[in-house]
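Take a look at the letters that make up each chain.
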Amino acid sequence: MSPATGVPPLTVTDLTVRFAGLTALDGVHLTVEPGTVHAVIGPNGAGKSTCLNVLSGVYRATCGSVRLGDHELTGLPPHRIAALGVARTFQNLALPPRTTVADSLLLGRHRLTRSGFVAAGLRLPSAVREERLHRARVREIAEFVGIAGHLGTPTGALPYGLQKLAELARALCMEPDLLLLDEPVAGMTADERRRTAAVVAGVRDSLGISIVLVEHDMGVVMRLADEVTVLDFGRRIAGGPPDTVQNDPAVIRAYLGTPDAPEDAA
């Protein structure tokens, strides 16, 4: 797979989200530099998932700005944001269980498909050629992620760790500039976590795609992240390189426990 070129920065400014009387995000700001992994961490209820939901258009910000390069994303619906090059995975699996892995990944190519419904239905030569190209790209991405041997398997028949990788592969099939990962190693065994972390690192290093990572596994965060933003009760309390953030007294109090707490404490 060739690396992404011209990937724009993501700039979040004064992002605030209120639900009735609850402030879920309060003036949050962060910048995701092109081709980097930016982790958003914090205790349960800190606003991490809310942040991802705003970035992907699931939630609408009360005020503030989200920009991907020259494009203002604030207020756009999810399909418009996806069309601008933003893909995401979800904390809970969102793959059709009876569909083969190949066809599930092909769903990720939908926004890139140019043949119309009629052409595809009539199997016109142009539509057949396009489908062949998309399926070749699906196989290439499956090989990159390490699931090429399972393309004919129903996604629901895969072990949990491989299902999570299939969901990541489907997001990559959108050819995104920005990938939003919501707890990509949650519920995995130690071996599955290492494998998935290696794939995520490869997405950054080999493809140049920018990544926003929400994850509770602090070992994974500290290994993968170039920058970390820490939220607590919807507010940004710290930010910077992983080593700096890990030793920040405010972070230790709010999230990591005491200085003597184990690295994976949450």
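Please read these numbers as outputs of a predicted model, since none were measured by experiment. (Residues numbered from 1 in each chain as written. Predicted model: local features only at pLDDT ≥ 70, side-chain atom pairs only at ≥ 80, totals over all residues. Heavy atoms only, no water.)

1. Focus on helix α1 (residues 48-55)
Across the eight residues that make up α1, a large majority, seven, are buried. Within α1, burial applies to K48, T50, C51, L52, N53, V54 and L55. G57 occupies a position one or two residues after α1 and carries a positive phi of about 90 degrees. (Buried < 20%, exposed > 50% of the residue type's maximum accessible area, 1.4 Å probe, protein only. Helix = DSSP H or I, 4+ residues; strand = E, 2+ residues; numbered from the N terminus.)

2. Let's talk about the pairing of strand β4 (residues 63-68)
In terms of strand pairing, strand β1 (residues 10-19) meets β4 through five bridges, oriented antiparallel. For T16, the partnering residue across the bridge sits in β4 and is C63. Here β4 pairs with strand β5 (residues 71-72) via two bridges, running antiparallel. Each residue of the ladder has a partner; that of R67, found in β5, is E72. Taking the residues that link successive antiparallel strands as the turn, the β4-β5 hairpin has two residues, and the phi of G69 there is positive, at about 60 degrees. (Pairing = 2+ DSSP bridges.)

3. Let's talk about the sheet that holds strand β3 (residues 37-41)
The pairing of strands in a sheet happens through backbone hydrogen bonds and is either parallel or antiparallel. Read across the sheet, six strands follow the order β6-β7-β8-β3-β9-β10 without closing on themselves; strand pairing throughout is mixed. Each end of this open sheet is capped by a strand with a single partner; those strands are β6 (86-88) and β10 (235-240). With direction set aside, neighbouring strand axes in the sheet form an average angle of 20 degrees. Inspection of the sheet shows strand β9 (residues 227-232) paired to β10 by five bridges, in the antiparallel sense. Paired with T229 across the two strands is G239, which belongs to β10. Against the sheet, helix α6 (residues 160-172) engages β6 and β7 (178-182), with an angle of about 160 degrees to β7. Along the sheet, helix α7 (residues 190-207) makes contact with β3, β7 and β8 (210-214), crossing β8 at roughly 150 degrees. (Axes fitted to C-alpha atoms, helices over the stretch in contact; angles between N-to-C directions. Contact = heavy atoms within 4.5 Å.)

4. Re the nonpolar core
L105, I147, L172 and L179 are the most contacted members of the largest nonpolar core, which totals 49 residues. Looking at this core, the element that brings in the most residues is α6, giving seven residues. When sequence neighbours within four positions are dropped, the list of residues in contact with I147 reads V101, L105, A142, L162, L165, A166 and A169. Ranked by size, the runner-up nonpolar core spans 26 residues in total, among them L30, C51, I81 and V214. (Core = buried A, V, L, I, M, F, W, Y, C linked by side-chain atoms within 4.5 Å.)

5. Quick word on the pattern of salt bridges
All told, the structure shown has 12 salt bridges when counted by the stated rule. Residue R194 pairs with D191 through a salt bridge whose shortest N-O separation is 2.2 Å. You can see R194 and its partner D191 sitting in helix α7, three residues apart, about one turn around the helix. R204 is paired through a salt bridge with D205; the nearest N and O atoms lie 2.8 Å apart. Three or more residues are tied together by salt bridges with common partners; here these are R109, R137, E140 and E175. (Salt bridge = Lys/Arg side-chain N within 4 Å of Asp/Glu carboxyl O.)

6. So, the sheet that holds β1
Reading across from one edge, β2-β1-β4-β5 is the order of the four strands in this open sheet, with antiparallel pairing throughout. Taken across any chain shown, the strands that pair with only one partner, and hence form the sheet edges, are β2 (22-32) and β5. In the sheet, β1 pairs with β2 via seven bridges, with the strands oriented antiparallel. The residue of β2 that forms the bridge with T11 is T31.

7. Considerations on the side chain of Q163
Mapped onto the secondary structure, Q163 falls in helix α6. Each residue touching Q163, except ones within four places of it in the same chain, is listed here: L93, L95, T155, G156 and L158.

8. Quick notes on unusual backbone geometry
One non-glycine residue, A20, lies in the positive phi region at around 55 degrees. Looking at the element boundaries, A20 is found in the loop between β1 and β2. Residue classification places A20 among the exposed positions, given a relative accessible area of 83%. The phi dihedral of E183 is positive, around 50 degrees, even though this residue is not glycine. By the element assignment, E183 lies in the loop between β7 and α7.

9. Considering α6
The terminal C-alpha atoms of α6 lie 19 Å apart, and with 13 residues this matches the ideal 18 Å at 1.5 Å per residue to within 8%. Here α6 has its buried residues at G161, L162, Q163, K164, L165, A166, E167, L168, A169, R170, A171 and L172. (Expected span 1.5 Å × (residues − 1).)

Just geometry here; none of it tells us what the structure is for.
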